[in-house]
Amino acid sequence: AALLILPAAGQERSARGKPSCPQQTWPDRLQGADPRGDLVLASRRTAKLADIRLPDDPPRRDEALAWIQARLGQPVLAQGGESPDRWGRVSARIRGADAAHQVDFVQGLVEAGLALVDPAAAEAFCQPELLAFEETARERSLGVWTDDRYKPIDVASTESLRDRVGSFVLVEGRIRSVGERAQQTYLNFGGNWAEDFTIVIPHKTWKLMAGRGLGAEALKGRRSRARGILQSWQGTALTVVIPEMIERLDGRR
C-alpha cells in the first residue's frame, strides 16, 4: 500500500485564518441522479460528490449510478460549499441521515471500486483518507480495478501513456531528477525529456510541499504515484496543484 507523505490539506488554514474546507452542513433528501452522477436534492440543489470522479466508460459508470440510485428517497446530511460551480453544482460530501443508512456516499463508492479519487483543482483536498480506501479496493480488484485501463501505468510504458493523453490516469515510477525553476518545478522520471514522463508543479504548490519537508531531496530517487489528466508535453506530463495527488510508494516512514 502507498504511504501518504503529506498531511491533510483540510488541516491547513487560508491566509485569512479560516479553514479551507467547506463547513456548511444541511439536512436534505436524495431525489435523483443525472447521467454524470450529479445528485438532485430536495432542497433544489444539484450536488457533485466531492473529491471523486465516476468511471468514464458506460458499463462501470452505470454500476456507480446504480449504487447511487439504490439510495433514492433517503434523508441525507450534506456538507459543502455555498458557491455553485459554472454548471450550478455545489461540491458536497453526502451521507445517510437515518440509523439504517448512514453510509458516506463518497467513501462507499471509492471502497466499492466505483469511483476514483480526484479533487481536481479544488482549493484543498479535504478527504485524504479516501486514498487509503482506494488503495484497498485496488488491492482487492473491486469495480474499476479489474480493468487494465484504470490501473496505474508504469512510466516505462511510453506508448500506453501516449494513448491515454486527455484522460484521467494514475502513473507510477521513480523520480530521477528534480528541476526547480522560478514559476514551476519539474519531477522528471527519465533522461529524455522529449519522450519521458514529467510531473509539473506550480510554484505555489511546490512552496507548500517544501515547507512540509518534501522538497527535492525528499523526492529524488523515490518511487511515486501521481494522478490527474494526462497531457502531451515533451513526452507526457501531469500538472499537480494538490500536493496529496503525489504519493510516495517506497522509503516508508
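Higher on the page you've got the structure.
Residues numbered from 1 in each chain as written. Predicted model: local features only at pLDDT ≥ 70, side-chain atom pairs only at ≥ 80, totals over all residues. Heavy atoms only, no water.

1. Side note on the state of the cysteines
Covalent bonding between the sulfur atoms of two cysteines defines a disulfide.
Piece 1. Here the structure, examined in full by the defined rule, presents one disulfide.
Piece 2. The disulfide that involves Cys21 links it to Cys126, with 2.0 Å between the sulfurs. For the disulfide bridge between Cys21 and Cys126, the dihedral angle about the S-S bond is near -100°, and by the sign convention the bridge is left-handed. Here Cys21, found in the segment before β1 (24-33), pairs with Cys126, found in the loop between β7 (116-117) and α3 (130-139); they are 105 residues apart in sequence, far enough to count as distant.
Piece 3. For Cys126, a relative accessible area of 25% gives the class partly exposed. (Disulfide = S-S within 2.5 Å. Helix = DSSP H or I, 4+ residues; strand = E, 2+ residues; numbered from the N terminus. Buried < 20%, exposed > 50% of the residue type's maximum accessible area, 1.4 Å probe, protein only.)

2. Focus on the pattern of salt bridges
Piece 1. The final tally for this structure, using the stated rule, is 22 salt bridges.
Piece 2. Of the charged contacts, one joins Asp148 and Lys151 as a salt bridge, the two residues approaching to 3.5 Å between their closest N and O atoms.
Piece 3. Using a relative accessible area of 63% as the deciding quantity, one classes Asp148 as exposed.
Piece 4. Lys151 gets classed as partly exposed once you look at its relative accessible area, which sits at 33%.
Piece 5. Note that Arg223 and Asp154 form a salt bridge whose closest N and O atoms lie 3.3 Å from each other. Placement of the pair is Arg223 in strand β13 (residues 223-229) and Asp154 in strand β8 (residues 153-154), with a sequence separation of 69 residues.
Piece 6. When salt bridges that share partners are traced, they join Glu134, Glu135, Arg138, Asp154, Glu172, Arg223, Arg225, Arg227 and Glu247 into one network. (Salt bridge = Lys/Arg side-chain N within 4 Å of Asp/Glu carboxyl O.)

3. Details of the sheet that holds strand β14 (residues 231-232)
Paired through their backbone hydrogen bonds, the strands of a sheet run either parallel or antiparallel.
Piece 1. Pairing is mixed in the open sheet, where five strands are placed in the order β10-β11-β12-β15-β14. Both edges of this open sheet fall to β10 (177-180) and β14, since each of them pairs with a single strand only.
Piece 2. As paired strands, β10 and strand β11 (residues 184-188) are joined by four bridges and run antiparallel to one another. Bridge pairing links Gly179 to Tyr186 in β11. (Pairing = 2+ DSSP bridges.)

4. Some details on the sheet that holds strand β2 (residues 39-41)
Piece 1. Within the closed barrel, the five strands sit side by side as β1-β2-β3-β6-β5. Their pairing is mixed. The sheet shows a mean angle of 55° between the axes of neighbouring strands, taken without regard to direction.
Piece 2. Note: β1 against strand β5 (residues 75-80), six bridges, orientation antiparallel. Bridged to Thr25 within β5 is Gln79. (Axes fitted to C-alpha atoms, helices over the stretch in contact; angles between N-to-C directions.)

5. Points about the pairing of β5
Piece 1. Because side chains alternate across β5, one face comprises the buried residues Val76, Ala78 and Gly80, and the other comprises Pro75, Leu77 and Gln79, none of which is buried.
Piece 2. Pairing geometry for β5 and strand β6 (residues 89-96), over five bridges, is antiparallel. Bridging across to β6, Ala78 finds its partner in Ile94.

6. A short note on unusual backbone geometry
Piece 1. You will see that Arg44, though not glycine, has its phi angle at about 75°, which is positive.
Piece 2. You can call Arg44 exposed: its relative accessible area is 80%.
Piece 3. With a phi close to 45°, Gln234 is a non-glycine residue in the positive phi region.
Piece 4. Inspection of the secondary structure puts Gln234 in the loop between β14 and β15 (236-239).
Piece 5. Using a relative accessible area of 41% as the deciding quantity, one classes Gln234 as partly exposed.

7. Points about helix α5 (residues 203-211)
Piece 1. What α5 keeps buried is the set Thr205, Trp206 and Met209. Relative to the axis of α5, the buried residues are bounded by an arc of 95° and lie together on one face. What points out from α5, more than 90 degrees from its buried face, is the exposed set Lys204, Lys207 and Gly211.
Piece 2. Immediately downstream of α5, the backbone of Gly213 shows phi near 80°, a positive value. (Arc of directions from axis to C-beta.)

8. What about the packing of aromatic side chains?
Piece 1. Following the criterion strictly, the structure yields three aromatic pairs and no others.
Piece 2. Here the aromatic rings of Phe189 and Phe197 are separated by 5.2 Å at their centres, their planes lie at 55°, and the arrangement is tilted. Both residues of the pair, Phe189 and Phe197, belong to the buried class.
Piece 3. The ring of Trp26 has Arg45 sitting right over it, with the charged end atom 4.1 Å from the ring centre.
Piece 4. The lysine or arginine in question, Arg71, covers the ring of Trp67, its NZ or CZ lying 3.6 Å from the ring centre. (Phe/Tyr/Trp six-rings, centres within 6.5 Å; stacked < 30°, edge-to-face > 60°. Lys NZ or Arg CZ within 6 Å of the ring centre and 35° of its normal.)

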